[in-house]
Amino acid sequence: MNTGKVIGINGNMATVEFTDNISLNEVAYIILGDSRLKAEVIRVNGKEASLQVFEMTGGIKVGDQVEFTGELLSVELGPGLLGQVYDGLQNPLPQLAEKCGFFLQRGVYMNAIPDSSWEFTPSVKKGDIVRPGYSVGTVPEGIFSHRIMVPFGFSDGEYSVKKIAAAGSYTAREEIAVVTDSSGNDHSLSMVFTWPIKRAVTRYEERLKPVEPMITKIRIIDTFLPVARGGTFCIPGPFGAGKTVIQQTTSRNADVDIVIIAACGERAGEVVETLIEFPELTDPRTGKSLMERTIIICNTSSMPVAAREASVYTAVTIAEYYRQMGLNVLLLADSTSRWAQAMREMSGRLEEIPGEEAFPAYLESVIANFYERAGLVRLFDGNTGSVTIGGTVSPAGGNFEEPVTQATLKVVGAFHGLSRERSDARKYPAIHPLESWSKYTGIIDSKKTTFARDLLFRGEEVNQMMKVVGEEGTSLDDYIVYQKSEFLDSVYLQQDSFDPVDGSAPIERQKYTFDLVFTILHGSFKLSTKQETRNYFNQLRQRFLDLNSAEWNSDSFKSIEESLRGKIDEKLKANE
Amino acid sequence: MQKVYTKIESISGNVITVLAEGVRNGDLAVVSSRHGASLANIIRLKENVVSLQVFAGGRGVSTGDEVRFLGHPMQVSYTENLMGRVFDGSGKPRDAGPVLDENMIDIGGPSVNPAKRIVPKNMIRTGIPMIDVFNTLVESQKLPIFSVSGEPYNELLARIAMQAEVDIIVLGGMGLKYDDYLFFREELETSGAMNRAVFFVHTASDPTVECLLVPDISLAVAEQFALEGKKVLVLLTDMTNFADAMKEIAITMDQVPSNRGYPGDLYSSLAARYEKAVDFEGAGSVTILAVTTMPGDDVTHPVPDNTGYITEGQYYLKNGRIEPFGSLSRLKQQVNKETRDDHRSLMDGMIKLYASYKESMEKKSMGFQMSDWDIKLLKYGEMFEQQMMELTVNIPLEEALNLGWEILSSCFSPEESGMKTSLVMKYWPGKDKEDK
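Residues numbered from 1 in each chain as written. Chains lettered and ligands numbered in written order. Predicted model: local features only at pLDDT ≥ 70, side-chain atom pairs only at ≥ 80, totals over all residues. Heavy atoms only, no water.

Peer 1: Lay out the overall build of chain A with the relevant residues and their values.
Peer 2: Looking only at helices and strands, chain A features 14 helices and 26 strands. For 576 residues, the compact-globule estimate of 2.2 N^0.38 gives 25 Å, and chain A sits close to it at 27 Å. Considering only C-alpha atoms, chain A reaches an extent of 90 × 55 × 40 Å along its principal axes. In chain A, which comprises 576 residues, the share counted as buried stands at 59%. A sequence separation of at least 24 residues applies to 70% of the contacts in chain A between residues at least 6 apart. A total of about 22300 Å² of accessible surface is found on chain A, and carbon and sulfur atoms cover 48% of it. Taken as two groups, the 60 positive and 76 negative side-chain charges of chain A have centres that lie 2 Å from each other. (Helix = DSSP H or I, 4+ residues; strand = E, 2+ residues; numbered from the N terminus. Rg over C-alpha atoms; globule rule 2.2 N^0.38 Å. Buried < 20%, exposed > 50% of the residue type's maximum accessible area, 1.4 Å probe, protein only. Contact = heavy atoms within 4.5 Å. Areas by Shrake-Rupley, 256 points an atom, 1.4 Å probe, with all protein chains shown as cover. Lys, Arg positive; Asp, Glu negative; His and termini not counted. Charge placed at Lys NZ, Arg CZ, Asp CG, Glu CD.)

This is how it looks when you write it as structure tokens:
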């Protein structure tokens, strides 16, 4: 075994002297009495290597033994990942709790994938030619048909199937196939293999441009700031602006097959809410519990920092794995700022020359690399699969002019910026409709949404002006524009995520109600005074809010709609 | 390990280095100089160069002083005898009582497994309407009081400590003025709460390193009590001093500062302490109430800013009152549906009206004309501020809710109050008589 010894320790960084060859990002264990502390090589210099230790480093002394594994930091991939709760290094937390009790004991590592049995159905026969990433069979995992694939890490080239298990029940780590490479070497396959988390999986035919929208059932997002399947988006915002609530509603409602939640350096209490709620909630698409399509990677703020850095990679690697089965996967990372801070801490310990706000100079390229792992791909079998990545950003002081937000904005396709003013005014979701943007195509005709956005913009201008000259000094036309923009804001952009009906707006409902809103925004009205205008729009708003909380196409929906349309026709000029 | 080292290689601020072998990261040592002995802990190892931070500070340490390694990390005694006692940041008695050395436990222990946490569900009653009614404190919550220097935050902490229905109070004082320390002790002694309290106090004149230890030592003790089924309330004042102490040490250690001189791990370090707040299933709980003073009333200063991202809300103390805007208890939804059926509606309704009052005030100050509605709001705002917001008000939740209805009814008609008809029928003062 390749070994070394500790010659220095500073915070969570250990300096280790070694003799044989080692590689960057290789995993090593520091032997501390009975326990082994996991660490990763992050710099090599002469005969000294710097290791970031994924555990607390108290008790380590100079001269302690270090074992190098020769393996890069990897995750286990195979059936049984769905519904699990892992820490940043893919340790299953509930099982860890059974073993160690209330506290996270350091140096305890468990199998990420349980050794359970699966009903295997082969899809190849003896003599077939396969390549890395090709499927050799399937097992049912929940509602999905989980493909058992030739490990992505096999070197390129053709392999012929020498042996394939017959249909039947096998445990996850049992041999189910043997393939022979071109030089005649045999390789045994089980349902489980590993993949290094910092390398993107590229076992597909080609990457495609993301076009199809990923519905979140949040109106302001789907209508105005859409996200595409295989795209990326970010949600920066100050504390208390509702980042986590948006992430939680998205994780419940998003129209994807699998959701992976990476709780990275945030409060443990929020993860607990998800842990307790999700098994109770039913997935509207499948009727099963939401937990069956969810994986939680949770490295909360008080857990060791180095593992926090790994946690987002662990999450994205699992996402890519399910994408390889032709599924649409959504990865929600909360919060990427904590991940960037973990990098900053390590960079400081390595005594690298700091960049802006002491973040390392490579911050931008690391963030870009991470978001670039999202994408829509055409697989070898012609099917498509996607990974969509949404990350929250927690900028210091709520100021978006800081390195993490700016680096993120450069690479994402949609920006949902939360504003302190909107959240203070209890306008939820607090996404700022004018500052935010999206490069993807949504579900509604862009001419109409552009019109609505312009109106919001003009309404805001009138509002600013009114603060100076008062209502008295504003023209009636301007005042109507202002009322229209306020109307759009309160009945469409704002949405009560705790209301059972309003909380999630399906696509057909959004299209329908947006048309209704548009009629009002676009129409001209017979209104002669500001008082009359205000009252009229208040009445419209009240009816529309009632409509929003009425069950889609129910009797009450229809009667409210009728009364609303009556109210519109009352003042709408005929020729419009 | 009893080997004594007598050659100190370097002394820089509170950090000294010695050449030693076989010592473990994080372990303690005793540095004996002619000014007395002090504890020190190992913060960095590089081959045989051992860096230690000296709790009593580097001042007066001589290159020829003795360093003796103890072979264990920082510990604190955990026994029933802690009750009513006062210690300094390194665990030495500050009162006349004996040194405690039984049942020593490590401080700064591992984090709780998120899979073992439960959703908090019990309210902590404080008798302060702005907390009980509007931003309820919940068992196992971590909540800072954001405040400017000069505000009565320590008085507020002392009041909550005395009135809160908890089993044990742990006070961690960091950079506390000596007067404030005496104030806390007097208050708790007079009220009789001292026999269920333990103090770990670092005063402004004590060595900086001891300040760093206060949260860990306080929380380690609190955690042990909680594991034994006790409801523990930890009061930490002032976390900004703790962050400043971290900054001082980081700079002495030549660490690259990130934001306004604070080290890059400020967030993680604060989170590691605050996340000790927990409700143990089948045992007790730790609730943390901390003071964070905001230099220059700037909430975007790194300390309050990072704190806000970690804690479950904040109380914003301004002009001697807990401001309804800016204050937030993220956990109040977990408890305020079960207190009384009017709690949530009254909370929302009164705040909305108070917000309208603020708008009317603005209009008034700009010289716009006051409508009848504005005049009603002005009356309401004044009553609200005097009867609800003043920190001297001390009434149980139910009385505070009744008072809320009193205030509403003396200013508005039921329709104007915006309260649900069913609640008006039940709680509007004089309503039941009127209808009969």
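Peer 1: Quick rundown of helix α5 (residues 239-252) of chain B? Include the residues and the values.
Peer 2: Residues and elements named next belong to chain B. Taking 1.5 Å per residue, 14 residues should reach 20 Å; α5 reaches 20 Å between its end C-alpha atoms and fits that length. All of the buried residues along α5 are M239, T240, F242, A243, A245, M246, I249 and A250. Positive phi shows up at D254, right after α5, with a value of about 60°. (Expected span 1.5 Å × (residues − 1).)

Peer 1: Let's hear about the side chain of S302 of chain A: which residues, and what values?
Peer 2: Structurally, S302 of chain A is set in the loop between β21 (294-299) and α5 (305-323). In terms of polar contacts, S302 of chain A uses its side chain to reach the side chain of S111 of chain B, at 3.0 Å. Not counting chain neighbours up to four residues away, the residues in contact with S302 of chain A comprise S111, A271, A272 and E275 of chain B. (Polar contact = N/O pair within 3.5 Å; in protein donor to acceptor, adjacent residues only side chain to side chain.)

Peer 1: Would you mind going over the environment of I118 of chain B in detail, with residue names and values included?
Peer 2: Along the chain, I118 of chain B turns up in the loop between β10 (104-106) and β11 (123-124). Taking C-alpha positions, I118 of chain B is 7.3 Å from F280 of chain B, a pair spaced 162 residues apart along the chain. Ignoring any residue separated from it by four or fewer positions in sequence, one finds I118 of chain B in contact with V272 of chain A together with D279 and E281 of chain B.

Peer 1: So, the packing of helix α2 (residues 153-163) of chain B against helix α3 (residues 178-191) of chain B: which residues are in play, and what are the values?
Peer 2: Residues and elements named next belong to chain B. Close contact between α2 and α3 brings their axes to 10 Å; oriented N to C, the two are set at 25°. Here α3 runs roughly parallel to α2, going by the angle between their axes. Considering only the axes of α2 and α3, their crossing is right-handed. Of α3, the residues touching α2 (which contributes N154, E155, L157, A158 and M162) are D180, F183, F184, E187, L188 and S191. Along the lines of polarity and charge, the residues of the contact of α2 with α3 split into 6 nonpolar, 2 polar and 3 charged. (Axes fitted to C-alpha atoms, helices over the stretch in contact; angles between N-to-C directions. Parallel < 35°, antiparallel > 145°, perpendicular 65-115°, else oblique. Left-handed = near helix turned anticlockwise from the far one by under 90°. Nonpolar A, V, L, I, M, F, W, Y, C, P; charged D, E, K, R; others polar.)

Peer 1: Give a detailed account of helix α1 (residues 93-100) of chain A, specifying residues and quantitative values.
Peer 2: All names here are of chain A. When we look at burial in α1, the residues that qualify are L93, L96, A97 and C100. Angular distribution of buried residues about the axis of α1 spans 105°; they occupy a single face of the element. When the buried face of α1 is taken as reference, the exposed residues oriented beyond 90 degrees from it are E98 and K99. Where α1 terminates, the next one or two residues include G101, which has phi positive at roughly 85°. (Arc of directions from axis to C-beta.)

Peer 1: How would you explain the packing of aromatic side chains if you had to name every residue and give the values?
Peer 2: The relative placement of two aromatic rings is captured by the distance of their centres and the angle of their planes. Residues and elements named next belong to chain A. In this structure the tally under the stated criterion is 46 aromatic pairs over all chains. Measuring from ring centre to ring centre gives 5.9 Å for F193 and Y321, while their planes differ by 75°; the resulting arrangement is edge-to-face. Within this pair, whereas F193 is found in strand β17 (residues 193-196), its partner Y321 is found in helix α5, the two being separated by 128 residues in sequence. For F193, a relative accessible area of 7% translates into the label buried. (Phe/Tyr/Trp six-rings, centres within 6.5 Å; stacked < 30°, edge-to-face > 60°.)

Peer 1: Describe in detail the interface of chain B and chain A, supporting the description with residues and values.
Peer 2: Chain B puts 51 residues into the contact, and the matching count from chain A is 56 residues. Both faces considered, chain B and chain A share a buried interface measuring about 4500 Å² in area, 58% of it formed by carbon and sulfur atoms. Broken down residue by residue, the surface that chain B buries against chain A is led by P114, Y267 and Y309 of chain B, which jointly contribute 16%. One can count 1 salt bridge joining chain B with chain A. Among the ionic pairs, D265 of chain B bridges to R349 of chain A, the shortest N-O distance being 3.8 Å. (Buried area = accessible area lost by both parts, 1.4 Å probe. Salt bridge = Lys/Arg side-chain N within 4 Å of Asp/Glu carboxyl O.)

Peer 1: Kindly report on the nonpolar core, identifying the contributing residues and their values.
Peer 2: Among the nonpolar cores identified, the biggest contains 81 residues, and I260 and Y322 of chain A are the most heavily contacted of them. Beyond its immediate chain neighbours, meaning those up to four positions away, I260 of chain A contacts I295, I297, A315, I318, A319, V329, L330, L331 and L332 of chain A. (Core = buried A, V, L, I, M, F, W, Y, C linked by side-chain atoms within 4.5 Å.)

Peer 1: An account of the domain arrangement of chain A is needed here, citing residue identities and associated values.
Peer 2: Taken domain by domain, chain A comprises domain 1 (3-72), domain 2 (114-191), domain 3 (206-438) and domain 4 (446-571). Placing a centre on the C-alpha atoms of domain 1 of chain A and another on those of domain 2 of chain A gives a separation of 35 Å. (Domains from an automatic or database assignment.)

Peer 1: Before we move on, could you go through the sheet that holds strand β10 (residues 129-130) of chain A and cite the residues and values that matter?
Peer 2: All names here are of chain A. Spatial strand order, β10-β13-β15-β16: 4 strands in an open sheet with antiparallel pairing. Two strands in the sheet have a free side with no partner beyond their single neighbour: β10 and β16 (186-189). Across 4 bridges, the pairing between strand β13 (residues 159-164) and strand β15 (residues 177-180) is antiparallel. Note on β15: the bridge partner recorded for K163 is V178. (Pairing = 2+ DSSP bridges.)

Peer 1: Go over the domain arrangement of chain B, please, and point to the residues and values.
Peer 2: All names here are of chain B. Under the domain assignment, chain B is made up of domain 1 (4-73), domain 2 (77-335) and domain 3 (343-435). Facing the 13 residues of domain 1 at the interface are 12 residues of domain 2. For the pair domain 1 and domain 2, the summed buried area comes to about 990 Å², and 65% of that belongs to carbon and sulfur atoms. Of all residues in domain 1, N14, Q53 and F55 bury the most surface against domain 2, accounting for 47% of the area lost on that side. Taken together, domain 1 and domain 2 are joined by 0 salt bridges. On the surface where domain 1 and domain 2 come into contact, there are 0 residue pairs in polar contact (both at pLDDT 80 or more).

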